[in-house]
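If you want the building blocks of each chain, they are given just below.
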Amino acid sequence: MSKDIINGYVDVETHNGITTIEFFHPQSNSLPRRILEALAHEIHAAGTDKDTRVIVLRSGGDRTFCAGASFDELTRIENEKAGFEFFSGFANVINAIRKCGKLVIGRIQGKCVGGGVGLAAAVDYAIATDGADVKLSELAVGIGPFVVGPAVERKIGASAFSQLAIDASMWRNAEWAKRKGLFAEVHASTEGMDESISRLANQLSHSSPEAMRELKSVFWKGTEDWDNLLWARAEISGRLVLSQFTKDAIAKFKAKAQ
């Protein structure tokens, strides 16, 4: 897929059994609906590709892994159907990772906000830098981390998830995320992170595809209802995003950022 820097992109490359899926958006790697759709599509495609043994999910740039939902797109949602369709994009990406028969390594090079925390939680093995602070900011704008919540809670437990969800303005650092189980590894430099990702991806590319598929099935046991669960959560977010509270909160945030 060719790169369109202005509007963001999703790029895919496969070498020696390792498929790298990279997404980018100029607004801190925020996620509009079309990038969510492309991510879900490419993750599914890699999962069924016979030449792919392992997947690396990463974002472009060096500061922010993912800033979550696109505020520009949130402000254009005019009804509950459109709200559901937007938030179901996050549901579809999480479910694509969950149902993918290949292990997914996450390269978390920077901060994760909202849906970005959800992506980091959904991957099977997240390797981060010490600048990868995390924050679930949804409650601050009147929504709540409903769609990504099951993925985050599955990875770090109900207590840590509730801490993130309730104190929506507080950053937790990468070491906190590692202690809670969100990150498997935290490195002091990008070079160290990339060396570890390369080592693990190459190791897995020579492992048994059948064994890895069965192992992933074990990891995700108990999530068989997530197609319905995450869509139901998308309906909640799609309704709440229409509130005047949310419209005012997003407008204030955008004004402050300018």
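Rules and cut-offs
Residues numbered from 1 in each chain as written. Predicted model: local features only at pLDDT ≥ 70, side-chain atom pairs only at ≥ 80, totals over all residues. Heavy atoms only, no water. UniProt positions renumbered as here; feature names shortened; annotations may be inferred. Helix = DSSP H or I, 4+ residues; strand = E, 2+ residues; numbered from the N terminus. Rg over C-alpha atoms; globule rule 2.2 N^0.38 Å. Contact = heavy atoms within 4.5 Å. Areas by Shrake-Rupley, 256 points an atom, 1.4 Å probe, with all protein chains shown as cover. Pairing = 2+ DSSP bridges. Axes fitted to C-alpha atoms, helices over the stretch in contact; angles between N-to-C directions. Phe/Tyr/Trp six-rings, centres within 6.5 Å; stacked < 30°, edge-to-face > 60°. Buried < 20%, exposed > 50% of the residue type's maximum accessible area, 1.4 Å probe, protein only. Lys NZ or Arg CZ within 6 Å of the ring centre and 35° of its normal. 1 Å grid on protein atoms, 1.4 Å probe; cavity = no way out; pocket = protein on both sides within 12 Å on 5 of 7 lines; lining within 4 Å. Points joined across faces, edges and corners; volume = space filled by probe spheres on them. Parallel < 35°, antiparallel > 145°, perpendicular 65-115°, else oblique. Left-handed = near helix turned anticlockwise from the far one by under 90°.

With an unreviewed UniProt entry as reference, the chain is termed Enoyl-CoA hydratase/isomerase family protein, source organism Flaviaesturariibacter aridisoli. One UniProt comment on the chain, placed under Sequence similarities (unreviewed entry), says "Belongs to the enoyl-CoA hydratase/isomerase family."

A. Looking closely at the overall build of the chain. When helices and strands are counted, the chain shows eleven helices and nine strands. Taken over C-alpha atoms, the radius of gyration comes to 17 Å for the chain, in line with the 18 Å a tight globule of 258 residues would show. Projecting the C-alpha coordinates of the chain onto the three principal axes gives extents of approximately 55 × 40 × 35 Å. Looking at the chain alone, contacts between residues at least 24 apart form 73% of all its contacts between residues at least 6 apart. About 12000 Å² of surface is accessible on the chain, with carbon and sulfur atoms providing 52% of the total.

B. Expanded view of the sheet that holds strand S2 (residues 18-24). Strand order in the open sheet formed by six strands is S1-S2-S3-S5-S7-S9, with mixed pairing between adjacent strands. Two strands close off the open sheet at either side, each with one partner strand: strand S1 (9-15) and strand S9 (185-187). Each strand axis lies, on average, 20° off the axis of its neighbour in the sheet, ignoring direction. Here four bridges tie strand S3 (residues 54-59) to strand S5 (residues 103-108), and the two strands are oriented parallel to one another. Looking at S5, one finds that Val 56 is bridged to Ile 105. Lying over the sheet, helix H1 (residues 33-48) contacts S1, S2 and S3, oriented at roughly 180° with respect to S2.

C. Quick look at the packing of aromatic side chains. Scanning the model with the defined rule gives six aromatic pairs in all. Ring geometry for Phe 86 and Phe 87: centres 5.2 Å apart, planes at 85°, overall edge-to-face. Of the two residues, Phe 86 and Phe 87, neither departs from the other in class, the shared state being buried. Centroid distance Phe 86 to Phe 90: 6.0 Å. Interplanar angle 75°. Geometry classified as edge-to-face. Separated by four residues within a single helix, Phe 86 and Phe 90 lie in helix H3 (residues 80-99), roughly one turn from each other. Of the two residues, Phe 86 and Phe 90, neither departs from the other in class, the shared state being buried. Taken together through their ring pairs, the aromatic side chains of Phe 86, Phe 87 and Phe 90 make up a single cluster. Looking at Arg 172, its charged tip hangs above the ring of Trp 176, at a distance of 5.6 Å from the centre.

D. Region of the structure containing empty space enclosed by the protein. According to the stated counting rule, one finds one cavity of 30 Å³ or more in the structure shown. What the largest cavity holds in volume is close to 30 Å³. Contributing to the lining of the largest cavity are Arg 53, Gly 101, Lys 102, Pro 209, Met 212 and Arg 213.

E. Structural context of the side chain of His 25. Mapping His 25 onto the fold places it in the loop between S2 and H1. Once residues within four sequence positions are removed from consideration, His 25 is found in contact with Asn 7, Gly 8, Ser 30, Pro 32 and Ile 35.

F. How the structure looks around the packing of H1 against H3. Look at H1 against H3: their axes get within 9 Å of each other, and the N-to-C directions meet at 20°. When the axes of H1 and H3 are compared, the pair comes out roughly parallel. Relative to H3, the crossing made by H1 is left-handed. Here Arg 33, Leu 36, Leu 39, Ala 40 and Ile 43 of H1 lie close against H3, whose contacting residues are Glu 85, Phe 86, Gly 89, Phe 90, Asn 92, Val 93, Ala 96 and Ile 97.

G. Layout of the pairing of S5. Of all the six residues making up S5, six are buried; the element is thus mostly covered by neighbouring parts of the structure. The two faces of S5 match: Leu 103, Ile 105 and Arg 107 on one face and Val 104, Gly 106 and Ile 108 on the other face are all buried. Here four bridges tie S5 to strand S7 (residues 125-129), and the two strands are oriented parallel to one another. Bridging from a neighbouring strand, Ile 108 pairs with Ala 128 of S7.

H. Region of the structure containing the environment of Ser 217. With respect to the secondary-structure elements, Ser 217 resides in helix H9 (residues 209-219). For Ser 217, a relative accessible area of 47% corresponds to the partly exposed category.

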